[in-house]
Amino acid sequence: MRHYQRALITGATSGIGAGFASELPGDTLLLLTGRDETRLDAQAQDLARPDRLVATIAADLTQAEAIERLVAAAEDFEIDLLINNAGCGRLGAVIDNAVEDELATVQLNVVAVVALTRRLLPGMIERAARAGRRAGLIIVSSTAAFAPVPYFATYAASKSFDLHFAEALAEELRGQPVDVLALCPGATQTAFGPRAGYRSARFPGAADPRNVARGALSALGCQTVHVAGSLSQAALAPVVLPRRVATGLIGRAMRLFVAR
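Residues numbered from 1 in each chain as written. Predicted model: local features only at pLDDT ≥ 70, side-chain atom pairs only at ≥ 80, totals over all residues. Heavy atoms only, no water.

Caption draft 1: Structural view of the sheet that holds strand S5 (residues 135-140). Taken in spatial order, the seven strands line up as S3-S2-S1-S4-S5-S6-S7 in an open sheet, and their pairing is parallel. The strands lining the two open edges of the sheet, one partner per strand, are strand S3 (54-58) and strand S7 (225-228). For this sheet the average axis-to-axis angle between neighbouring strands, irrespective of direction, equals 15 degrees. Where strand S1 (residues 6-10) and strand S4 (residues 81-84) come together, three bridges link them in parallel fashion. (Pairing = 2+ DSSP bridges. Helix = DSSP H or I, 4+ residues; strand = E, 2+ residues; numbered from the N terminus. Axes fitted to C-alpha atoms, helices over the stretch in contact; angles between N-to-C directions.)

Okay, structure coming up:
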């Protein structure tokens, strides 16, 4: 695992984001963001120590003004690791879901990722080159990125964007002092499922978020795409199946979840 001095983690108060905050070395200074200021403050108290600064900024990254505030804070913090983890989605048919929910998915999973990456990468690369170090960028995609997912269409499409964006960036930045990783977790023990409309309290076989984060940090600098967990390897099956067949099979499976 490479050592980073200052990290920004979006969506840091729970799930994989909280896993990253816990798994980074104790001397990595942290800038954490999420929508819940109370939870951010509690998390900062848990993670802080006399020689470690943990700063927080409450921000709803579906809003342009919040992105601007976070960019300014991250530049002042002089981050060398950006973890674009925050994400949302809504189960159900697109035409049945609220328009606001579908648009928020695109704003958070796509627009915020591009905005933060584009605004912060130049400074990260410049500082890394000046210090003779390497910067890091992790974009949290999903195993849903590998195929169309009926009844989770906008989310899966947004995560496909994240995957392709990260892979293309990795090639564009070849030769620069920065490592890029697309993290593709499958089902994970987070609050994402209930927020997305999955009624069951737990998804069978869901991975521990700290294990997912630990695997991603180990993969950063060694590969550009990391599919987390052995069960998640099944997500690659649609890659070798005809797309129409894969979409039909996934659609039938997803109808079971939507109906629960």
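Caption draft 2: Seen up close, the pairing of S1. Most of S1 sits inside the fold, with four of its five residues counted as buried. Both S1 and strand S2 (residues 29-34) contribute to a ladder of five bridges, which runs parallel. Each residue of the ladder has a partner; that of Ile 9, found in S2, is Leu 32. Each parallel crossover has a hand, and for S1 linked through helix H1 (residues 15-23) to S2 it is right-handed. (Buried < 20%, exposed > 50% of the residue type's maximum accessible area, 1.4 Å probe, protein only. Right-handed = clockwise from strand over helix to strand, strands pointing away.)

Caption draft 3: Looking closely at unusual backbone geometry. Unusually for a residue other than glycine, Glu 78 sits at a positive phi of about 60 degrees. Note on placement: Glu 78 falls in the loop between helix H3 (64-77) and S4. Residue classification places Glu 78 among the partly exposed positions, given a relative accessible area of 45%. Look at Tyr 151: it is not a glycine, yet its phi comes out positive at around 70 degrees. For Tyr 151, the position within the fold is in the loop between S5 and helix H5 (153-172). Of the residues examined, Tyr 151 reaches a relative accessible area of 24% and is grouped as partly exposed.

Caption draft 4: Structural view of the packing of aromatic side chains. Evaluated as defined, the whole model comprises two aromatic pairs. Between Phe 161 and Phe 165, the ring centres sit 5.6 Å apart and the planes meet at 20 degrees, which makes this aromatic pair stacked. Of this pair, Phe 161 and Phe 165 both sit in helix H5, separated by four residues, roughly a single helical turn. Note on Phe 161: relative accessible area 34%, which makes it partly exposed. Given the relative accessible area of 18%, Phe 165 is considered buried. The ring of Phe 77 carries the charged tip of Arg 6 above its face, separated from the ring centre by 5.4 Å. (Phe/Tyr/Trp six-rings, centres within 6.5 Å; stacked < 30°, edge-to-face > 60°. Lys NZ or Arg CZ within 6 Å of the ring centre and 35° of its normal.)

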